[in-house]
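Here's the letter readout for the chains.
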Amino acid sequence: MSRHSVLHIVGAVAAGLCILFCFQGCRRPLWVAGSEYHSAVLITDWRQYDSSDPDGMTAWFYPVDGSTRAYRYTDANVRRLEFYLPTGNYQGVVIDYSPDEFGRQEFVGMDYAETALARATPASYQPTEPAQLYGPECYSRSLGPVNETTGLYPVSNQPETMALDTLQNLSVFTGEFGDYIPYKVRDTYQDSFEEKYFYSFPLCPIWKMRIRVYIKGLDYLWATEGSLAGMSDGRFLAMNHTTENPCLLSIPDWEVKRTGENFGYIAATVNTWGLPNAYCPVHIVPAGEESKAEGGDGLGPVVVNWEGRTPLAAEDIRLNLKFLLRDQATVLYYHYDVGERVYSYDGELVFRVDIGPDNPSIPDLPYVDAKDSAGFDATVSPWEDGGSADITF
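Residues numbered from 1 in each chain as written. Predicted model: local features only at pLDDT ≥ 70, side-chain atom pairs only at ≥ 80, totals over all residues. Heavy atoms only, no water.

Undergrad: For the overall build of the protein, give the residues involved together with the corresponding values.
TA: Broken down by element type, the protein carries 1 helix and 25 strands. Each of the 393 residues in the protein was classed as buried or not, and the buried ones make up 40%. Considering only contacts in the protein between residues 6 or more positions apart, those separated by 24 or more positions represent 74%. (Helix = DSSP H or I, 4+ residues; strand = E, 2+ residues; numbered from the N terminus. Buried < 20%, exposed > 50% of the residue type's maximum accessible area, 1.4 Å probe, protein only. Contact = heavy atoms within 4.5 Å.)

Undergrad: Can you explain the sheet that holds strand S2 (residues 37–44)? Please cite residues and give values.
TA: An order of S5-S2-S12 is seen for the 3 strands of this open sheet, with the pairing classed as mixed. The open sheet has two edge strands with one neighbour each: strand S5 (80–86) and strand S12 (196–200). Averaged over neighbouring strand pairs, the angle between their axes works out to 30° when direction is ignored. One ladder, built from 5 bridges, connects S2 with S12; its direction is parallel. (Pairing = 2+ DSSP bridges. Axes fitted to C-alpha atoms, helices over the stretch in contact; angles between N-to-C directions.)

Undergrad: Provide a residue-level description of the sheet that holds strand S16 (residues 241–242), including the pertinent values.
TA: Spatial strand order, S7-S8-S15-S16: 4 strands in an open sheet with antiparallel pairing. Looking along the sheet, the strands with just one partner apiece sit at the ends: strand S7 (105–108) and S16.

Undergrad: I'd like a description of the nonpolar core, backed by residues and values.
TA: Most often, soluble globular proteins have nonpolar side chains that are buried together. Residues Met209, Ile211, Leu221, Leu228, Leu319, Leu321 and Phe323 are the most contacted members of the largest nonpolar core, which totals 33 residues. Of all the elements, strand S13 (residues 207–216) adds the most residues to this core, at 5 residues. When near neighbours in sequence (up to four residues on either side) are disregarded, leucine 321 contacts Val213, Glu225, Gly226, Trp254, Leu332, Tyr333, Tyr334 and Tyr336. (Core = buried A, V, L, I, M, F, W, Y, C linked by side-chain atoms within 4.5 Å.)

Undergrad: Before we move on, can you summarise a nonpolar patch on the surface with the specific residues and values?
TA: On the surface, Tyr197, Tyr199 and Phe201 cluster together into a nonpolar patch covering about 330 Å² of accessible area. Mapped onto the secondary structure, tyrosine 199 falls in strand S12. (Patch = residues over 30% accessible without salt bridge, like charges linked within 9 Å, V, L, I, M, F, W, Y side chains within 5 Å. Areas by Shrake-Rupley, 256 points an atom, 1.4 Å probe, with all protein chains shown as cover. Salt bridge = Lys/Arg side-chain N within 4 Å of Asp/Glu carboxyl O.)

Take a look at the structure:
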């Protein structure tokens, strides 16, 4: 190698080191003028939703003109979300954590505000005959669109608890000098940097349906199954509106409460999206002391002001019950149109349906002999003090 080539190499290395030392001395990140995307911050308060914060949150931002798909951000920081959007007006949706974390509801059509939907996932079992579930008279009255394959409403799993906030009129704009975004991590050099702040207060959009059915002949009951037909199968998130499609929610578990001699009630709670084709209630109006439920907990039913929705008719919601008596052979079916019995209580997202005790349609179960002399007993015997016992393994 000639002496001239060596000098060229040494010069190039020296120049490179000089440039590197210059960057190291500046200690300033590379900045890019954001002529299209601009910075915004979402501050979220979860205290109205639950006693503790979720593990994370997901936000969608929909351009109001529908020109592009939604911009999605998921972050484990549930208090402050920093994001970038082009200048424009948006509608936003915030939910707790990623949709992938929900096991019993699915999120579809999330690219656009008009189609963004959360709905309960269908159960794996779809009967081919109504009698396979709750008796041949279960679907004697139509409640709307039906499943094309079987002629039945989809047997849906219940939606899980979730938090949701629909953000309206989000305007993202740039300042006089535009936004300046660092190439890697934002530093303290923000002389021409502007951020737009938005605030979110998520609430739970899922209603609970509490059902209580009084029964005469309670001692003869062995097991209960039930279903509730007519509640909405999902919710359009950005539109703040439930779907028009009713679904069938299975109710396999019931608690039993004895209130008298061979008398009492069964009760269950089902999570639902609420009434079909309805907005969130604008406000809840007390109905007065005279409408308190008999034999209940003193909470009076209230009238829910559903924007743009006609009052419920009795046949809009149907409760189906299947009773297996203590002989483990006798099966009885009961069907109640309970649309006019659906109330909301105390300003909570809670519906309630009571059948009895003065209602003439209250189930009156017939006497049957117990199988192997082992009858149903709604009471629980206390543990006896028998002392300690040794167990040999």
